[in-house]
Amino acid sequence: MRKRCVGGIVRDGDGRLLLVRRGRPPGEGQWSIPGGRVEPGEDDAAAVARELKEETGLDVAVGALAGTVERAGPGGVTYEIHDYAATVTGGTLRAGDDAADARWVRPDALGDLPLTPGLVDALRLWGVL
């Protein structure tokens, strides 16, 4: 079974990336870009905006597709994750929904965090890092 998911790649004026620490499986305790499942009737842009608001408290304008990855999930599920560039337009940063923490992280500090597998490789491949 495949599940369509989205993520938002957000940078601030200092070049830091917006990351969340997952509060639930899959990836509980690991840091990644915010995102989640696309709900029925939603397009990707609406899902990115909703997920970022729920997980980080920030409003975003969704831009171009940065790239797509597939990740194995529990019970034979495959998550097809479409990650989009996004820009903050409002809100206040705070962890919410299934995010245990949310913060801005310098690219050179990514190695200091337990990241979801393949995150750095994907971001490099897509020219984000």
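As annotated in an unreviewed UniProt entry, the chain is NUDIX domain-containing protein from Actinomadura bangladeshensis. Word for word, the UniProt comment on the chain under Cofactor (unreviewed entry) is "Mg(2+)".

So, the sheet that holds strand 4 (residues 35-37)
An order of 4-1-6-5 is seen for the four strands of this open sheet, with the pairing classed as mixed. In the strand order of this sheet, the two ends are held by strand 4 and strand 5 (58-72), each with one partner. Neighbour to neighbour, the strand axes of the sheet diverge by 20° on average, direction disregarded. With three bridges connecting them, strand 1 (residues 2-10) and strand 4 associate as antiparallel partners. Directly across from Gly7, in strand 4, lies its bridge partner Gly35. Set on the sheet, helix 1 (residues 44-56) makes contact with strand 1, strand 4, strand 5 and strand 6 (78-91); between it and strand 5 the angle comes to about 100°.

A closer look at the side chain of Glu51
Note that Glu51 resides in helix 1. Polar side-chain contacts of Glu51 include one of 3.1 Å to the side chain of Arg50. Once residues within four sequence positions are removed from consideration, Glu51 is found in contact with Gly35, Gly36 and Arg37.

Observations concerning helix 1
With 13 residues, helix 1 ought to run about 18 Å at 1.5 Å a step, and its terminal C-alpha atoms sit 18 Å apart, in line with that. Among the residues of helix 1, those classed as buried are Asp44, Ala47, Val48, Glu51, Leu52, Glu55 and Thr56. Relative to the axis of helix 1, the buried residues are bounded by an arc of 125° and lie together on one face. Of the surrounding secondary structure, the elements contacted by the buried residues of helix 1 are strand 1, strand 2 (17-22), strand 4, strand 5, strand 6 and strand 7 (99-105). Measuring from the backbone nitrogen of Ala45 back to the side-chain oxygen at the start of helix 1 gives 3.3 Å, which picks out Asp43 as the cap. Gly57, located one to two residues past helix 1, shows a positive phi value of around 80°.

Considerations on the nonpolar core
Within soluble globular proteins, side chains that are nonpolar generally end up buried alongside one another. With 21 residues, the main nonpolar core has Ile9, Leu19, Leu110, Leu115, Leu123 and Trp126 as its most contacted residues. Secondary structure elements with two or more residues in this core: strand 1, strand 2, strand 6 and helix 2 (119-125). Looking at this core, the element that brings in the most residues is helix 2, giving four residues. With near-sequence residues (within four places) excluded, Trp126 lies in contact with Ile9, Ala66, Gly67, Thr68, Val69 and Asp83. If you look at the next biggest cluster of nonpolar residues, it comprises 11 residues, including Leu18, Val38, Leu52 and Val60.

Parameters and conventions
Residues numbered from 1 in each chain as written. Predicted model: local features only at pLDDT ≥ 70, side-chain atom pairs only at ≥ 80, totals over all residues. Heavy atoms only, no water. UniProt positions renumbered as here; feature names shortened; annotations may be inferred. Pairing = 2+ DSSP bridges. Helix = DSSP H or I, 4+ residues; strand = E, 2+ residues; numbered from the N terminus. Axes fitted to C-alpha atoms, helices over the stretch in contact; angles between N-to-C directions. Contact = heavy atoms within 4.5 Å. Polar contact = N/O pair within 3.5 Å; in protein donor to acceptor, adjacent residues only side chain to side chain. Expected span 1.5 Å × (residues − 1). Buried < 20%, exposed > 50% of the residue type's maximum accessible area, 1.4 Å probe, protein only. Arc of directions from axis to C-beta. Core = buried A, V, L, I, M, F, W, Y, C linked by side-chain atoms within 4.5 Å.

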